[in-house]
Amino acid sequence: MNNRKVRVSKSKSTFLTAVGLCALQLGTAALAAGDPALVRVDTGVLRGTVQGEVRSFKGVPFAAPPVGNLRWKAPQRPAVWDGIRAATEYGAWCMQPETHRALPAPTPVLPPVPNMSEDCLTLNVWAPTSTKGPKRPVMVWIHGGGFYMGSGAWPDWDGSHLVKNGVIVVTVNYRLGAFGLFAHPALSAETNTEPVTNFALLDVVESLMWVKRNIAAFGGDPGNVTIFGESGGGVLVNLLMVSPLSEGLFHRAIAQSAPIGFVDRHLAQSTDRAPSAESWGQEWAKKVGVAQDLKSLRALSADNVLANSMGMGKNTGFVIDGTSLTMSIMDAFRAGKQHKVPYMAGAADDEGGLLAFMGPTWPMLEQRLGDKRDAVLKAYDPNGNLSKDLVRQMIVGDTLMIRPSQYLSRQAAQSGPSGYSYVFAYVPESVRSMVHGAWHGAEIAYIFGTLDSRHPAHGSATAPDIDVSQRMRAYWTNFARTGKPDSAGGPEWLGADRGTMVFGIDGVKFSSDYLKARMEAIGPQDNPVIP
């Protein structure tokens, strides 16, 4: 950059100042006149986009860029800006692989990463154009991606359709890979006033604090916030349900296809399950070839951290640090210590179709089943005509997702105030020959009403597709509005202690014994994962 001084004449300087003041005054006047594209938040004025009944504000910073000395620190408040900030384009995606493996049809098409940066802590808001009437419920979506990919900007979760059901939608980014899941003794020594790990979780907490401060300006009710998310986002929903830091920041929660796990380490104490997070961080720095001090660690290029932080085993996972997390998800729900808000959890009926790699091999599975092997196989394959791969796929999906979701929702129903369970089993006719059942994440397009974002193998949305989408949007937004899914024009959705709502090929039905034989075969409710 050329650092030479540039002289500006006094008259030209005066002219530029006048132009700036004029623009600011015009923006202020438009804001005062109720221009729906303008909203004032606590850091300045935003200009969004208005399309018919819906307005959107994209790339809104909810925290300062976590770069330089703010890498591996709790998120800080964003800076105030002058004038009007454009909020018409999504912000950068958090650091992640630029391309993702192609998934088999008809499962989701993973979009390429348009741009990424460590400076990625932004959110997006969809709201009705009109602000008349009572404040609307708020639904905050937390994306999935295994904590190493994803963004609040994926096409599947455009909030425009949900807004028409009378809610405001917010989608958020959070740090991924070792940017978001890391610990090190040098970080612990740096401060005794802030959390020193679980940065991905802290980012989502910070976004909820932003919502609490600012969502009323968009017509939202800060006293009625629902968090919902799928896969890794569902895990974060469950972590928020048990984190002391999130208490009071949300009022309902929906965990979709959230695997149990990801909370195996303690911050400084090693256990028989896993070494401490701090020792993991030291080993990580050793492998990367960097000194064990914060200056050296923070001097690493973002590309270097990225190359050494993506995928399973490449980050600490979430850590019991005594501040942001004091116990695991299962332990908290088992003890009735989760936040007392209405809670919903569920999964797709063929989660194992995409996630079988997360489960044991067939020989390992047989060994783990032990003397339960024959009973389990009879429950899953009573006629003995299914392949071992398919049976394993079914068992992995049930134990990883369905059984745990039923357990957590039943615990929430028993310890209060309420819990609801669902299974998504709908597969469009156009792709039924390709799959065994509904795959991981299949329900998202139906909840958001973004059916056009599905794999091209689906073809155009059919009347049954649209009906399922409308029903799911009604149930989800009813839950956000009142804490009860209600009937949504279909069967009444009772508590999880009485059964499960099934969204299937043959319609929407409440079942008191869904897959009962399979569920009972794989273990008791309080230990739903095969040991």
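Scroll up for the structure.
Chemist: Any chance you could explain the sheet that holds strand β1 (residues 38-41) here in plain terms?
Modeler: Two orientations exist for strands paired in a sheet by backbone hydrogen bonds: parallel and antiparallel. The mixed open sheet is built from three strands, whose spatial order is β1-β2-β5. Lying at the two open borders of the sheet, with one neighbouring strand each, are β1 and β5 (84-86). Across the sheet, the mean angle from the axis of one strand to that of its neighbour is 35 degrees, orientation sign disregarded. Note: strand β2 (residues 44-47) against β5, three bridges, orientation parallel. Of the residues in β5, the one forming a bridge with valine 45 is isoleucine 84.

Chemist: Can you walk me through the packing of helix α5 (residues 199-214) against helix α6 (residues 232-242) in this structure?
Modeler: The description of two packed helices rests on the angle between their axes and on the distance between the axes. Where α5 contacts α6, the axes come no closer than 11 Å and their chain directions differ by 75 degrees. Between α5 and α6, the crossing angle belongs to the class labelled roughly perpendicular. The residues of α6 that touch α5, namely those facing Leu201, Val204, Val205 and Leu208, are Leu236, Leu239 and Leu240.

Chemist: Any chance you could explain the sheet that holds strand β4 (residues 54-61) here in plain terms?
Modeler: Pairing in this open sheet of 11 strands is mixed, and the strands run β3-β4-β6-β8-β7-β9-β10-β13-β14-β15-β16 from one edge to the other. A strand with exactly one partner marks an edge of an open sheet, and here the two such strands are β3 (49-51) and β16 (507-511). Strand-to-strand twist of the sheet, defined as the mean angle between neighbouring strand axes without regard to direction, takes the value 20 degrees. When strand β13 (residues 343-348) meets strand β14 (residues 419-425), the two strands line up parallel, connected through six bridges. In the sheet register, alanine 345 faces β14, and the bridge partner there is serine 421. Sitting on the sheet, helix α16 (residues 463-482) is in contact with β7 (136-142), β9 (220-230), β10 (252-256), β13, β14, β15 (500-504) and β16, with an inclination near 145 degrees to β10.

Chemist: I'm lost on the pairing of strand β8 (residues 168-172) in this one. Help?
Modeler: One face of the sheet, then the other: side chains in a regular strand alternate in exactly this way. Burial analysis of β8 places five of its five residues in the buried class, the great majority of the element. A two-sided burial pattern is seen for β8, the buried positions comprising Ile168, Val170 and Val172 on one face and Val169 and Thr171 on the other. Of the pairings in the sheet, the one linking strand β6 (residues 122-128) to β8 comprises four bridges and is antiparallel in character. What sits directly across from asparagine 124, in β8, is threonine 171. Here β7 pairs with β8 via five bridges, running parallel. Directly across from valine 138, in β8, lies its bridge partner isoleucine 168.

Parameters at a glance
Residues numbered from 1 in each chain as written. Predicted model: local features only at pLDDT ≥ 70, side-chain atom pairs only at ≥ 80, totals over all residues. Heavy atoms only, no water. Pairing = 2+ DSSP bridges. Helix = DSSP H or I, 4+ residues; strand = E, 2+ residues; numbered from the N terminus. Axes fitted to C-alpha atoms, helices over the stretch in contact; angles between N-to-C directions. Parallel < 35°, antiparallel > 145°, perpendicular 65-115°, else oblique. Contact = heavy atoms within 4.5 Å. Buried < 20%, exposed > 50% of the residue type's maximum accessible area, 1.4 Å probe, protein only.

By themselves these figures say nothing about function.
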